[in-house]
2 protein chains.
Amino acid sequence: MQRNILLTISFDGSAYHGWQVQSNACTVQQVLCDAIKSVTGAFCPVTGCSRTDTGVHANMFCCCVKTESAISTQSLPAALNANLPDDIVVLSAREMPAEFHARYDCRGKEYVYKIFNSELRSPFLVNRALLYKYPLDAEFLDVQARAFLGTHDFSSFCASGSSVENKIRTVSRVGVAREGDIVTFTVAADGFLYNMVRIMVGTLLDISSGKLGADSIPSVISACNRSAAGVTAPAQGLYLNRVFYDFNLGESNNAAGSQK
Amino acid sequence: MQRNILLTISFDGSAYHGWQVQSNACTVQQVLCDAIKSVTGAFCPVTGCSRTDTGVHANMFCCCVKTESAISTQSLPAALNANLPDDIVVLSAREMPAEFHARYDCRGKEYVYKIFNSELRSPFLVNRALLYKYPLDAEFLDVQARAFLGTHDFSSFCASGSSVENKIRTVSRVGVAREGDIVTFTVAADGFLYNMVRIMVGTLLDISSGKLGADSIPSVISACNRSAAGVTAPAQGLYLNRVFYDFNLGESNNAAGSQK
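Note that the structure is a prediction, hence the values are computed from the model and not measured. Here the residue index of a chain counts from 1 through its sequence in written order. Lettering for chains starts from A, numbering for ligands starts from 1, and both go in the order in which the items are written. For a predicted model such as this one, the threshold for reporting local features is a pLDDT of at least 70, and the threshold for listing and counting side-chain atom pairs is 80 or more; totals across whole chains, interfaces and linings nevertheless cover every residue. As a rule here, side-chain values cover all heavy atoms of the structure and leave hydrogens and water aside.

For the purposes of this entry, the term helix denotes a DSSP run of H or I that reaches at least four residues, the term strand denotes a run of E that reaches at least two, and both are numbered from the N terminus. Within chain A one finds six helices and ten strands. We compute the radius of gyration over the C-alpha atoms and compare it with the globule rule, which gives 2.2 Å times the number of residues raised to the power 0.38. By the compact-globule yardstick of 18 Å for 260 residues, chain A fits well, its C-alpha radius of gyration being 19 Å. Each of the three principal axes of chain A carries a C-alpha extent, and together these read 60 × 40 × 35 Å. Only protein chains enter the area calculation, which uses a 1.4 Å probe; residues under 20% of their type maximum are buried, those over 50% are exposed, and those in between are partly exposed. Residues counted as buried form 55% of the 260 residues belonging to chain A. Every residue pair with non-hydrogen atoms within 4.5 Å of one another is taken to be in contact. Partitioning the intrachain contacts of chain A with sequence separation of at least 6 by distance along the chain shows that 71% fall at a separation of at least 24. Summing over all exposed atoms, chain A offers an accessible surface of approximately 10,900 Å²; the carbon and sulfur share of this is 49%. In chain A, 22 side chains carry a positive charge and 23 a negative one; their mean positions are 3 Å apart. Each accessible area is a Shrake-Rupley estimate made with a 1.4 Å probe; only the visible protein chains count as cover when residues are assessed. Positive charges come from Lys and Arg, negative ones from Asp and Glu, while His and the chain ends are left out of the count. Charged side chains are reduced to one point each, which is NZ for Lys, CZ for Arg, CG for Asp and CD for Glu.

Listed as interface residues are 32 residues of chain B and, on the opposing side, 32 residues of chain A. The term buried area refers to how much accessible surface (probe radius 1.4 Å) is lost by two components on association, counted for both of them together. Contact between chain B and chain A buries roughly 2,500 Å² in total, counting both sides, with carbon and sulfur atoms accounting for 60%. Each reported salt bridge corresponds to a side-chain nitrogen of Lys or Arg within 4 Å of a carboxyl oxygen of Asp or Glu. In this assembly, chain B and chain A are joined by two salt bridges. Among the ionic pairs, Asp86(A) bridges to Arg121(B), the shortest N-O distance being 3.9 Å. Any pair of nitrogen or oxygen atoms within 3.5 Å is treated as a polar contact; in protein, a donor-acceptor pairing is required on top of that, and neighbouring residues in sequence qualify only through side-chain atoms on both sides. For the interface between chain B and chain A, the tally reads twelve residue pairs in polar contact (both at pLDDT 80 or more). Residue assignment for the side of chain B that touches chain A shows that the elements contributing at least two residues are β1 (3–11), β3 (57–67), β4 (88–96) and α6 (254–257) of chain B. Sort the elements by how many residues they give to the side of chain B that touches chain A and β4(B) lands first, with four residues. Class assignment of the residues belonging to the side of chain B that touches chain A gives a composition of 17 nonpolar, eight polar and seven charged. Gly is placed with the polar residues, together with every amino acid not listed as nonpolar (Ala, Val, Leu, Ile, Met, Phe, Trp, Tyr, Cys and Pro) or charged (Asp, Glu, Lys and Arg).

Okay, the relation of the copies chain B and chain A next. Least squares is the method for superposing the copies, and the C-alpha atoms it fits come from residues with pLDDT of at least 70 in both. Rotating chain B by 180° and translating it 0.0 Å along the rotation axis places it on chain A, where the RMSD comes to 0.0 Å. This pairing of chains is accounted for by a two-fold axis. An overlap of 100% is found between the interface residues of chain B and their copies at the interface of chain A, pointing to a shared contact surface.

Our focus in this paragraph is the domain arrangement of chain A. All names here are of chain A. Taken domain by domain, chain A comprises domain 1 (3–105) and domain 2 (108–240). Either an automatic procedure or a domain database provided the assignment from which the domain bounds are taken. Taking the mean C-alpha position of each, domain 1 and domain 2 sit 28 Å from one another. Contact with domain 1, which involves 13 residues of that partner, is made by 13 residues of domain 2. Of the roughly 970 Å² buried where domain 1 meets domain 2, counting both sides, 48% is carbon and sulfur surface. Summed over the three residues of domain 1 that lose the most area to domain 2, namely Asp53, Val56 and His57, the buried surface amounts to 47% of that side. Scanning the region where domain 1 abuts domain 2 turns up two salt bridges. The closest approach of N and O atoms between Arg128 and Asp12, which form a salt bridge, is 2.9 Å. In this structure, the connection of domain 1 to domain 2 is made through nine residue pairs in polar contact (both at pLDDT 80 or more).

What follows deals with helix α1 (residues 28–40) of chain B. An α-helical segment advances 3.6 residues per turn. Residues three or four places apart therefore align on the same side. All names here are of chain B. Between the first and last residue of a helix there are one fewer steps than residues, each counted as 1.5 Å, and that sum is the expected span. Helix length check: α1 (13 residues) gives 18 Å between terminal C-alpha atoms against 18 Å at 1.5 Å per residue, within 8%. For α1, the complete set of buried residues consists of Val28, Gln29, Val31, Leu32, Cys33, Ala35 and Ile36. The inward-facing, buried residues of α1 abut β1, β2 (46–48), β3, α2 (76–81) and β4. Just downstream of α1, Gly41 is the residue with a positive phi angle, here 85°.

Below, the discussion takes up the nonpolar core. Judged by nonpolar contacts, the single largest core of 77 residues is most densely connected at Leu7(A), Leu32(A), Phe148(A), Phe157(A), Phe185(A) and Tyr245(A). Per-domain counts for this core show at least three residues from each of domain 1 (3–105) and domain 2 (108–240) of chain A. With sequence-adjacent residues up to four places away left out, Phe157(A) is seen in contact with Phe148(A), Leu193(A), Tyr194(A), Asn195(A), Met196(A), Ile199(A), Met200(A), Thr203(A), Val220(A), Ile221(A) and Ala229(A). Take the buried residues of types Ala, Val, Leu, Ile, Met, Phe, Trp, Tyr and Cys, join any two whose side-chain atoms come within 4.5 Å, and each joined set is a nonpolar core. Residues Trp19(B), Leu76(B), Tyr132(B) and Val187(B) belong to the second largest nonpolar core, which totals 76 residues.

A few words now on the packing of helix α3 (residues 138–145) of chain B against helix α4 (residues 196–209) of chain B. Residue and element names in this part refer to chain B. Whenever a helix is involved, its axis is fitted only over the stretch in contact; in every case the axis is a line through C-alpha atoms, and angles between N-to-C directions fall within 0 to 180 degrees. Between α3 and α4, the least distance of the axes is 11 Å, while the angle of their chain directions is 125°. As far as their axial angle goes, α4 and α3 are oblique. As α3 runs across α4, the sense of the crossing is right-handed. Facing Phe140, Leu141, Gln144 and Ala145 of α3, the residues of α4 in contact are Leu204, Ile207 and Ser208. Looking at the contact of α3 with α4 residue by residue, the classes come out as five nonpolar, two polar and no charged. When an angle is under 35 degrees it counts as roughly parallel; over 145 it counts as roughly antiparallel; between 65 and 115 it counts as roughly perpendicular; any other value is oblique. The sense of a crossing depends on the near helix, which, turned anticlockwise from the far helix by less than a right angle, makes the crossing left-handed and, turned clockwise, makes it right-handed.

This part is about the state of the cysteines. Residues and elements named next belong to chain B. Counting rule for disulfides: a pair of cysteine sulfur atoms within 2.5 Å. All chains considered together, the criterion is met by zero disulfides over all chains. Cys26 takes part in no disulfide bond, and the closest cysteine sulfur to it belongs to Cys33, at a distance of 12 Å. According to the relative accessible area criterion, Cys26 is partly exposed, its value standing at 39%. Between Cys49, a cysteine without a disulfide, and Cys62, which holds the nearest cysteine sulfur, the sulfur-to-sulfur distance is 5.4 Å.

Time to look at the pairing of strand β3 (residues 57–67) of chain A. Residues and elements named next belong to chain A. Buried residues dominate β3, accounting for ten of its eleven residues. Any two strands between which DSSP finds at least two bridges are classified as paired. As judged from the eight bridges shared by strand β1 (residues 3–11) and β3, these two strands associate in the antiparallel manner. Along β3, the bridge assignment pairs Arg3 with Thr67. As paired strands, strand β2 (residues 46–48) and β3 are joined by three bridges and run antiparallel to one another. From the neighbouring strand, Val46 faces β3, where its bridge partner is Val65.

Here it is in structure tokens:
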């Protein structure tokens, strides 16, 4: 009988060309599929909650595995982890109804974007945060970012070329906070457009540098035009932090992943 | 005229066979020497404040460079950083009297040892912390560790084979603290014997597991015998955190390096 198992995983995306299997590149999905095959003895289709770009990390990422294997969900994480490289870890496994879908049943996600605000790079944050050398006023940016809250057409915050038609999304939580030299942007929404978080961060950085005016986010949103927003911040600061379903998945791997 | 420049650096030791130049291995000293040669145009002798082992990290490490170059100490860090790999960074440079010695004039050091106390590894702490799966009571270990304070013969906490004769050291600060899943052991002393911090940590873990008795550290110290102490904890959790001289070097790169 085919089972539908929901895995929560965490990964350092530095070495991967994103989640989705590609023909000529190493991806998280491919490496996970290989580990599942090693453990179950058969190829099993794996469906992710979203695609992530090259270099993007996940404190929590969810995917469904369709398998005939009888292995218990209790022993599956350890079995998979023994077959995975150190930069990917399976946190939990649970049995789901056949019709459950990791992406379509997702109610929302939370991302964090980490900025190392320092004149000098840190050897410990290579590929893990954006190095930004100029002053950042986290309290000011926190106030600016609140303009993202609510339901808007986020066309200005979608990479051009995206084929998605409905660009209306609801942002339920947003904030900018500083802890030492680390400035973190956090945003939760019912869904995200392509590069949406990275364009939000780039826009906040452009406001910080004066390239865009203070309080300009409402007009950037209403322009519904990618060119009204700021640059796309680099991938390496971005972490998928939580994935929301109609049930509680528990805490993310944030304690370790969203480190300073 | 030969100048004596004190550099503070920080490095992720994962990729290096420690500090000290070796004939057949990549070391931090070698890579730094190469960068200095690129910047100054000549080989310059570099003397470190201590040796560090393979895989050991530094939030702060100090070394002296003897050079004829006229480059300003203000511009030296950026010039060197442009010639260094991402996992080594020069934090500061200052002119010192000719007779100043990075090692002999060192008044003490502080190390931190990071334990990720979790059943599952974190993809973000690979090579950066010891994964320890069993319960740890940080408050209990903090009380146990206080027995290290003061001036003792630390022969029990010195790797056998060390050629150092005087094994008396003064521990000025010690503590164990938990932040989420990260348990950190911090110790400052006027000097450290070979593997001293790692044996201290191994001993605390052996006390935690019951292999050594509670309150046994005083008797382990007084045994003056390596076999009385616990195991040597692995290198990857160890960070040289601060180096003390008769003047103030400022904060270490701790904000970024001693991340959770």
